Amino acid sequence: MKLSVTSSVMIDEGPALSLASELDTESYVMATVSLEQGASRTVSLLPHDGAPVLLAIRATGASGKYVTVRIRANPSEPPAPEQAWIEVKGTLLISGADVLKGLGTPRSLGIENTGAEAATVDVLSCIDLP
């Protein structure tokens, strides 16, 4: 299946950078998690075979505004020193198998609500199978 990724970065009265790419993926997982303030949960993302190629996260509060959560790849495994929690302020998009491999090849994702209100976290993960 084809996956299109588009994004842009614009600085007021400054440069703009548009980014677009297409990925061929074999499978995807879409999950939505509701977390009260201070709560955490582990979400299964992908099977043990294949390479994750995309991870997209969006965290919103009841007001619809972005909130802060933190994530960690494969939370049931002891973390390597470089695999600490990553703070997500609203959105996170990671594209590329090599980048995701550097994060520990996420097969599951620990999500913790560190914000001041309940959060809804949407997670999309895509994989290429061997």
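Residues numbered from 1 in each chain as written. Predicted model: local features only at pLDDT ≥ 70, side-chain atom pairs only at ≥ 80, totals over all residues. Heavy atoms only, no water.

**Some details on the packing of aromatic side chains**
This model, assessed by the stated rule, comprises zero aromatic pairs. Geometry around W85 places R70 over its ring, the cationic atom sitting 4.3 Å from the centre. (Phe/Tyr/Trp six-rings, centres within 6.5 Å; stacked < 30°, edge-to-face > 60°. Lys NZ or Arg CZ within 6 Å of the ring centre and 35° of its normal.)

**Examining the sheet that holds strand β10 (residues 119–128)**
The sheet built from four strands is open, its strands ordered β3-β10-β5-β8 with antiparallel pairing. Pairing within the sheet leaves two strands with one partner each, and these edge strands are β3 (27–35) and β8 (91–95). Averaged over neighbouring strand pairs, the angle between their axes works out to 10 degrees when direction is ignored. For β3 and β10, the ladder comprises nine bridges, and the chain directions are antiparallel. Considered in β10, the bridge of T32 is made with D122. (Pairing = 2+ DSSP bridges. Helix = DSSP H or I, 4+ residues; strand = E, 2+ residues; numbered from the N terminus. Axes fitted to C-alpha atoms, helices over the stretch in contact; angles between N-to-C directions.)

**A few points about a nonpolar patch on the surface**
Where nonpolar side chains cluster on the molecular surface, the patch consists of M1, Y28 and M30 and spans about 350 Å² of accessible area. Following the sequence through the fold, Y28 ends up in strand β3. Owing to a relative accessible area of 48%, Y28 belongs among the partly exposed residues under this scheme. (Patch = residues over 30% accessible without salt bridge, like charges linked within 9 Å, V, L, I, M, F, W, Y side chains within 5 Å. Areas by Shrake-Rupley, 256 points an atom, 1.4 Å probe, with all protein chains shown as cover. Salt bridge = Lys/Arg side-chain N within 4 Å of Asp/Glu carboxyl O. Buried < 20%, exposed > 50% of the residue type's maximum accessible area, 1.4 Å probe, protein only.)

**Digging into the pattern of salt bridges**
For the structure on display, the rule yields four salt bridges. The partner of R58 in a salt bridge is D122, and the shortest N-O contact between them spans 2.8 Å. Note that R58 is positioned in strand β5 (residues 51–61) and D122 in strand β10, a separation of 64 residues in sequence. When its relative accessible area of 41% is taken as the criterion, R58 is described as partly exposed. D122 sits in the buried class, given a relative accessible area of 12%. Of the charged contacts in the structure, one is a salt bridge between R70 and E112, with a shortest N-O distance of 2.9 Å. Taken together, the residues R70 in strand β6 (residues 68–73) and E112 in strand β9 (residues 108–113) connect sequence positions 42 residues apart.

Scope: geometric values only; no functional claims are made or implied.
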